[in-house]
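Per-entry structural report
So the chains spell out like this:
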Amino acid sequence: EKNTLRAWYMPVASISGTALSIELAGVFIRGGSLLFGAAWSQDSGDGTDDRCAFFTDQGEVAIFAGTDPSDADLWAQIGRYDLSTPMGKLAMVQFGGDVVTCTVDGAIPLSAVVTKDPAQLSLAAVSRTIEPEWKREAIRRDDVPWQAVKWAAKNMAIVSLPITNTATDTGCLVVNLETGAWAKYTGWDVRSLCVFNDQVYFGTTTSQVFLAEAGGLDNGAAYECRLAGLFEPLGQQGQTVAAKLVRATFRAGTNFNARVSLSSNYNTQFPTAPTGAEADNTASVWDTDTWDGTLIWDAANTDMLTITSQWRDAARNGWTHSPQIQIVSGSTV
């Protein structure tokens, strides 16, 4: 129930009838109100040890076990734990049986909350590798609730970074569910998120709805993909290294333009982005083009992957170097 510490539930084995309440005012120390609830399990989520977790807007979570809240013999509290303040009532996702909550200090799994001191939770955060960036954005955007969704079809999860005023830049955080690697999408004005038919849709502050990751253009405009590797001393700790050439090896089935470069001494600077390669649109349309003459039966076979590798000028001096790649997508394909 909004702005209260009261939860409501339906009786066991029913889908209609009179809802009953669970009073939790005496459970939480800091007060506040309930933000969301979730099912939590210490296995994959299909076992018999499922728990019911209630989260508050003050950064507390209470865990209950049982089958019927109306029967004290079948319902009991098994713990109350502290975590940092959640970023919103929809700023959580479930991975297997675990619940990951987006908080001020990072994306914290519930399995870590019940085993660690609150001061140690940032070390167990799913977002630990981007902790400085996460905390910076949490401070800048704490006026608007965040949201998060798990996109299983793409093996990724998206965390919104809602804009709070016209001076706030747009974007969202994206994590690879297989590797745990994080990236930042810029230019996406994400206020709300949802998954429908294995597709992610997001709503903007200007009341528009967009389909995410569809096509090779960003709302009609070209977009740039940038990668900056970790800074490395190249085997010469503390010594200046003159990097003259850099090479990237690509394995791809379509043509593209890539710009490979270096940054030095922990100062990431990207050169001008390359132009977007034209897509191969040479295939003929079945019921439109002329059968004889210049008809092309098929376009380039994107299933045939080719290897490309070429040295590029780098001309960088420094005691650390970071390899960089830029690729622009500028076609509808």
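Because the structure is a prediction, the values reported are computed rather than measured.

Although it is not a glycine, Asn155 adopts a positive phi angle of roughly 55°. Secondary-structure assignment places Asn155 in the loop between strand E10 (148–151) and strand E11 (156–160). Although it is not a glycine, Ala315 sits at a positive phi angle of roughly 55°. By the element assignment, Ala315 lies in strand E20 (residues 306–318). What makes Ala315 exposed here is its relative accessible area of 66%.

This next bit is on the environment of Cys172. Mapped onto the elements, Cys172 comes out in strand E12 (residues 171–176). Its relative accessible area of 0% is what places Cys172 among the buried residues. When the C-alpha positions of Cys172 and Gln94 are compared, they lie 19 Å apart, and in sequence the two are 78 residues distant.

Further remarks concern the nonpolar core. Within soluble globular proteins, side chains that are nonpolar tend to cluster in buried spots. Counting residues in each nonpolar core, the largest one holds 17 residues, and the members touching the most others are Cys102, Trp134, Trp146, Val159, Leu173 and Trp182. Listing elements by their share of this core, those giving two or more residues are strand E8 (98–103), helix H2 (131–140), E11 and E12. Setting aside chain neighbours within four positions, we find Trp134 in contact with Cys102, Thr103, Val104, Asp105, Gly106, Ala107, Ser127, Trp146, Val159, Leu173 and Trp182. In this structure, Leu83, Met92, Val99 and Val113 belong to the second largest nonpolar core, which totals 16 residues.

Reading across from one edge, E3-E4-E5-E6 is the order of the four strands in this open sheet, with antiparallel pairing throughout. Whereas interior strands pair on both sides, the edge strands pair on one side only; in this sheet they are strand E3 (34–40) and strand E6 (75–82). Between one strand axis and the next, the sheet turns through 20° on average, direction left out of account. Pairing analysis gives six bridges linking E3 to strand E4 (residues 51–56), with the strands arranged antiparallel. Bridge pairing in E4 places Leu34 opposite Thr56.

What counts, and where the lines are drawn
- Residues numbered from 1 in each chain as written.
- Predicted model: local features only at pLDDT ≥ 70, side-chain atom pairs only at ≥ 80, totals over all residues.
- Heavy atoms only, no water.
- Helix = DSSP H or I, 4+ residues; strand = E, 2+ residues; numbered from the N terminus.
- Buried < 20%, exposed > 50% of the residue type's maximum accessible area, 1.4 Å probe, protein only.
- Core = buried A, V, L, I, M, F, W, Y, C linked by side-chain atoms within 4.5 Å.
- Contact = heavy atoms within 4.5 Å.
- Pairing = 2+ DSSP bridges.
- Axes fitted to C-alpha atoms, helices over the stretch in contact; angles between N-to-C directions.

Purely geometric numbers; function is a separate question.
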